[in-house]
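# A closer look at the structure
Each chain is listed here by its residues.
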There are 2 protein chains.
Amino acid sequence: MPLEIIPARAGTSVRLARGETLRVVDPQGGQVCDLVAYAWGDVTEWLSNGRSFDYGGKLYFSAGDILYSNRSRPMLTIVADDVGCHDFLYTACSAEMFRLQYGATGDHPNCLDNLSRALAHHGVAPHLVPTPFNIFMNSTMRSDGRLVIAPPRSRAGDAIQLRAEIDLAIALSACSALLANGGSAKPIAYEILEA
Amino acid sequence: MPLEIIPARAGTSVRLARGETLRVVDPQGGQVCDLVAYAWGDVTEWLSNGRSFDYGGKLYFSAGDILYSNRSRPMLTIVADDVGCHDFLYTACSAEMFRLQYGATGDHPNCLDNLSRALAHHGVAPHLVPTPFNIFMNSTMRSDGRLVIAPPRSRAGDAIQLRAEIDLAIALSACSALLANGGSAKPIAYEILEA
């Protein structure tokens, strides 16, 4: 499969069969890609940050780490990672968030709508979207306990590879929140590598 | 309303009207109480740790802090807190978790079942239970990024008070996971204070 492009502020979905690897690329550098995953054919089993925190014993994940479902099954293993800086704490940006934090009026492109629309044919409504694995998002906790969002550390061409441990329905969204993306919304690229 | 007791390893649900305050008490000290909340009459709006992290700019919450829904509405305000040490990162303990982490065979009392059963009449299935606000749970992130669970800091009679900002369906569970509860599962008490 050739490299596919997700335009800035847009989303898409893919089927990732067990053993296949999803490679997500930051074409220009400094861009976040939200990722959610569900068991193929059963959206009641979803990628869970909380289970992953518990079994991993940490908040931040990179190569060699396993991401778990709400039913405690391994869903994705990070098999390669050029950046080593991703977030699993922040919810997908939403229309309400853009109103509250950016003063947006009316609708605004956002990851929550992108992710749920990309998987609407699987029955994923917005309230069924869990906290995404926010690839390349640079969140850190300061020593005083405050959370801080900084620009991604990813440079042009940097990538992460995630191998499916079960058959998955995955949605990806090129994030629109300027604060998380170094001031500009940019595209994301991806490809599926065969087992 | 008198103080109600939740027996060790059990759960319950309450209706908390806007303006009412839920007071959760640790009768013996050292016991965690998982709390989840939904908008009354609409379980598609739920208490969201990720939105609360984002709007609060931090991972740990105490008196004066607001806990938000997935739709970015204030749900609960912490109006008093004797302990100041609670967790919002760990998923509810589950039968699968007890098998994986404690070697349990078959079923084991767990917060995920307690919370979902307590709200089953509202349509809450286990996969609709988000990460609870884990009252009195003592999780900390070390400087090397590892998460560590320590015994609760709560002493006998310590309490937290949460005021409802909208009408809520709330479930509470006295946690069974020995690691989080200083080695023994104990009861929890609560009362509802009128507006």
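By convention here, each chain's residues receive numbers from 1 onward along its written sequence. Whichever chain is written first becomes A and whichever ligand is written first becomes 1, with later ones labelled in order. Residue-level local features of this predicted model are given only where pLDDT is at least 70; pairs of side-chain atoms are given and counted only at 80 or more, and the full residue set underlies all totals for whole chains, interfaces and linings. To obtain the side-chain values, all non-hydrogen atoms of the structure were used and water was disregarded.

## Digging into the environment of I170 of chain B
Residues and elements named next belong to chain B. For clarity, the cut-off: Counting from the N terminus, the helices are DSSP H or I runs at least four residues long and the strands are E runs at least two residues long. Throughout, a residue-residue contact means that at least one pair of heavy atoms, one from each residue, lies within 4.5 Å.
Along the chain, I170 turns up in strand β12 (residues 168–174). Along the backbone, I170 and W40 are 130 residues apart, and their C-alpha atoms lie at a distance of 8.7 Å. Aside from chain neighbours lying at most four places away, what touches I170 is T12, S13, V14, L16, L22, L35, V36, A37, L76 and L119.

## Notes on the packing of helix α2 (residues 95–102) of chain A against helix α1 (residues 49–56) of chain B
Selection criterion: Axes here mean lines fitted to C-alpha atoms, for a helix over just the part in contact, with angles spanning 0 to 180 degrees between N-to-C directions. Any angle that is under 35 degrees is reported as roughly parallel, and any over 145 degrees as roughly antiparallel; angles of 65 to 115 degrees are reported as roughly perpendicular and all others as oblique. Handedness of a crossing is defined here by the sense of rotation of the near helix relative to the far one, left-handed for an anticlockwise turn of less than a right angle and right-handed for a clockwise turn. Residues are sorted three ways: Asp, Glu, Lys and Arg are charged, Ala, Val, Leu, Ile, Met, Phe, Trp, Tyr, Cys and Pro are nonpolar, and all the rest, Gly among them, are polar.
The geometry of α2 of chain A relative to α1 of chain B is characterised by a closest axis approach of 12 Å and an angle of 15° between their N-to-C directions. Accordingly, the angle class assigned to the pair α2 of chain A and α1 of chain B is roughly parallel. Viewed along their axes, α2 of chain A and α1 of chain B form a crossing whose handedness is right-handed. Along its contact with α2 of chain A, which presents E96, M97, L100 and Q101 of chain A, the element α1 of chain B presents R51, D54 and Y55 of chain B. By residue class, the composition of the contact of α2 of chain A with α1 of chain B is 3 nonpolar, 1 polar and 3 charged.

## Considerations on the sheet that holds strand β13 (residues 188–193) of chain B
Residues and elements named next belong to chain B. The condition is simple: Any two strands between which DSSP finds at least two bridges are classified as paired.
Within the open sheet, the 6 strands sit side by side as β1-β13-β3-β11-β7-β6. Their pairing is antiparallel. Every other strand in the sheet has two partners, leaving β1 (4–6) and β6 (66–68) as the edge strands with one partner each. The sheet shows a mean angle of 25° between the axes of neighbouring strands, taken without regard to direction. Here 5 bridges tie strand β7 (residues 74–81) to strand β11 (residues 158–164), and the two strands are oriented antiparallel to one another. Pairing of I78 across the sheet is with L162, part of β11.

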